[in-house]
Amino acid sequence: MAAEKERKSSAVSDMGAWAMNVISSVGIIMANKQLMSASGFAFSFATTLTGFHFALTALVGFVSNATGLSASKHVPMWELIWFSIVANVSIAAMNFSLMLNSVGFYQISKLSMIPVVCVMEWILHNKRYSKLVKLSVVVVVVGVAICTVTDVKVNAKGFVCACVAIFSSSLQQILIGSQQKKYSIGSFELLSKTAPIQALSLLLVGPFVDYLLSGKFIVNYTMSSGCFLFILLSCALAVFCNISQYLCIGRFSAVSFQVIGHMKTVCILTLGWLLFDSAMTFKNVSGMIVAIVGMVIYSWAMELEKQSAKALSTVKHSLTEEEFEFLKEGVEETTHSRDVELGHTKA
């Protein structure tokens, strides 16, 4: 009974972390669209804005630690700096990729992160995936590609930026999960440690990166009260988005976060259709359906893997190591030979 309650509580908290990530991620896209679009406030300083996001996140972390709501654990400074460099390169490369490539190729590069994370976890952590999980990843990628990809024009500089963005973003998500496990540190505690470094570096370098992207310096921008309020809204949503990202990767693994995260694309398309009267074509609808089918297959595959791991763990505890290895490697052959023997006895 207690185990069942604990399982239900865990499922609820997992769903809460996922819902927070989806809502905050979709919300921040809508806020940033109004903030940075030419028809809105034309605040075209994406990298500096990200620095503002992490500055507020760092402030929230500092207050949380100071008031005792969260505990600070030791993580070597070199690892925090390494993670911050990877994360900042990811943000800058994504911005440059969007600037130099078509929207279609930019979306393809984001979809490519799922198989890249799988390969990197296989190389770095020797992680294996079942055929069903691999199939579900392919289905989700195809579904979101059908929804969003319009063209695949690409140039040499844009291709290099996209490759850097894919690699650094995938490595960032793997680092989050591995550092949480390595140092037994909570998601918010890790975020509190990395946010100040990222905020400082982005606020120092961001204006120059934005100048390369937009040809404008932030010091020349005329700030209005409406723009200031939307910057605050964007920063508040970013805090929830950052926290939920760490929560999700800590709970679901990097690959799970990537697969589940692409459901946000479906949500954005739907909200764009409902709120902004965007065109909803047969291609969009069919892509959503394919992506949802992929999600269902993925959830089912992961549940089967969990049950299989539990069964093997139970058997391992009840047998000696030699018996367990024998059972694991030769169970099918042993079962077949026993069936033959039983058939001979009956005869």
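As the structure is a prediction and not an experimental result, all values here were calculated from the model.

**As for the overall build of the protein**
- Helix and strand counts for the protein come out as 12 helices and zero strands.
- Going residue by residue from the N terminus, the α and β elements of the protein occur as α-α-α-α-α-α-α-α-α-α-α-α.
- Relative to its full complement of 347 residues, the protein shows a buried share of 42%.
- Accessible surface, the protein: about 19,400 Å² in total, of which carbon and sulfur atoms supply 69%.

**Focus on the UniProt feature "transmembrane region" (unreviewed entry) in the protein**
- UniProt feature "transmembrane region" (unreviewed entry): in the numbering of this structure it lies at residues 43-68, 80-99, 132-150, 221-243, 255-276 and 282-301.
- A distance of 37 Å separates the end C-alpha atoms of residues 43-68, which is 81% helix and 0% strand.
- Helix makes up 83% of residues 221-243 and strand makes up 0%, while its end C-alpha atoms are separated by 30 Å.

**Overview of the pattern of salt bridges**
- Under the defined criterion, the tally for this structure stands at one salt bridge.
- Across the pair Glu-79 and Lys-182 runs a salt bridge whose closest N-O atoms are separated by 3.0 Å. Within this pair, whereas Glu-79 is found in helix α3 (residues 77-100), its partner Lys-182 is found in helix α7 (residues 156-182), the two being separated by 103 residues in sequence.
- Overall, Glu-79 belongs to the buried group, its relative accessible area being 6%.

**Concerning the environment of Ser-72**
- You can see Ser-72 is positioned in the loop between α2 (46-66) and α3.
- Of the residues examined, Ser-72 reaches a relative accessible area of 55% and is grouped as exposed.
- For the pair Ser-72 and Phe-62, spaced 10 residues apart in the sequence, the C-alpha separation amounts to 9.8 Å.
- For Ser-72, the residues in contact, after removing those within four places along its chain, are Asn-65 and Lys-193.

**Focus: the nonpolar core**
- Within the largest apolar cluster, 14 residues are counted, with the highest numbers of intra-cluster contacts made by Val-75, Phe-83, Leu-171, Leu-175, Ile-185 and Leu-190.
- Of all the secondary structure elements, the ones that give two or more residues to this core are α3, α5 (113-125) and α7.
- Not counting residues within four places of it along the chain, the set of residues in contact with Leu-171 comprises Trp-82, Val-86, Met-120 and Leu-124.
- Counting residues in hydrophobic clusters, the runner-up holds seven residues, among them Leu-35, Phe-43, Leu-49 and Ile-231.

**Observations concerning the packing of aromatic side chains**
- Scanning the model with the defined rule gives six aromatic pairs in all.
- Pairing Phe-43 with Phe-45 gives two aromatic rings, centres 5.1 Å apart and planes at 75°, and the pair type is edge-to-face.
- Since its relative accessible area comes to 0%, Phe-43 is described here as buried.
- Judged by its relative accessible area of 2%, Phe-45 is buried.
- Put simply, the rings of Phe-43, Phe-45 and Tyr-221 touch in pairs and so form one group of aromatic residues.

**With respect to the packing of α3 against α7**
- Viewed as axis vectors pointing N to C, α3 and α7 meet at an angle of 150°, and their least axial separation amounts to 7 Å. Judged on the interaxial angle alone, α7 and α3 are roughly antiparallel. The handedness of the crossing between α3 and α7 is left-handed.
- Grouping the amino acids of the contact of α3 with α7 by side-chain chemistry returns 16 nonpolar, seven polar and three charged.

**Quick word on α5**
- Helix length check: α5 (13 residues) gives 17 Å between terminal C-alpha atoms against 18 Å at 1.5 Å per residue, within 8%.
- Among the residues of α5, Met-113, Ile-114, Val-117, Cys-118, Met-120 and Glu-121 are the ones counted as buried.
- Taken from the residues just after α5, Asn-126 is the one with a positive phi, measuring 55°.

**Side note on α7**
- Compared with an ideal rise of 1.5 Å per residue, which puts 27 residues at 39 Å, α7 spans 38 Å between its outermost C-alpha atoms and is within 8% of the ideal.
- Of the residues trailing α7, Ser-184 is marked for its positive phi of about 50°.

Cut-offs used in this document
- All residue numbers refer to positions counted from 1 along the written sequence of the respective chain.
- Local features in this predicted model are restricted to residues of pLDDT 70 or higher, and side-chain atom pairs are both shown and tallied only at a pLDDT of 80 or more, whereas totals for entire chains, interfaces and linings draw on every residue.
- Just so you know, side-chain values use all the structure's heavy atoms and leave hydrogens and water out.
- Strands are runs of DSSP state E lasting at least 2 residues, helices are runs of H or I lasting at least 4, and numbering of each runs from the N terminus.
- Classification of residues uses two cut-offs on accessible area relative to the type maximum, computed with a 1.4 Å probe and protein chains only: under 20% is buried, over 50% is exposed, and between them is partly exposed.
- Every accessible area reported is derived by Shrake-Rupley at a probe size of 1.4 Å, with residue values counting cover from the shown protein chains alone.
- UniProt positions are given in the numbering used here, feature names are shortened, and annotations may be inferred rather than shown by experiment.
- Whenever Lys or Arg places a side-chain nitrogen within 4 Å of a carboxyl oxygen from Asp or Glu, that contact is recorded as a salt bridge.
- Residues are treated as being in contact if the distance between any of their heavy atoms lies within 4.5 Å.
- Here the nonpolar core consists of buried residues drawn from Ala, Val, Leu, Ile, Met, Phe, Trp, Tyr and Cys, with membership extended through side-chain atoms lying within 4.5 Å.
- Stacked, tilted and edge-to-face are the three classes applied to pairs of Phe, Tyr and Trp rings, where Trp contributes its six-membered ring and a pair requires centres within 6.5 Å; stacked means planes under 30 degrees apart, edge-to-face means over 60, and tilted covers the rest.
- Note on geometry: axes are lines fitted to C-alpha atoms, helical ones only across the stretch in contact, with angles between N-to-C directions running from 0 to 180 degrees.
- Note that the term roughly parallel is reserved for angles under 35 degrees, roughly antiparallel for angles over 145, roughly perpendicular for angles of 65 to 115, and oblique for everything else.
- Take the far helix as your reference; a near helix turned counterclockwise from it by less than a right angle gives a left-handed crossing, and one turned clockwise gives a right-handed crossing.
- Residues are grouped as follows: Ala, Val, Leu, Ile, Met, Phe, Trp, Tyr, Cys and Pro are nonpolar; Asp, Glu, Lys and Arg are charged; all remaining types, including Gly, are polar.
- Helix span, as expected, comes to 1.5 Å for every residue beyond the first.

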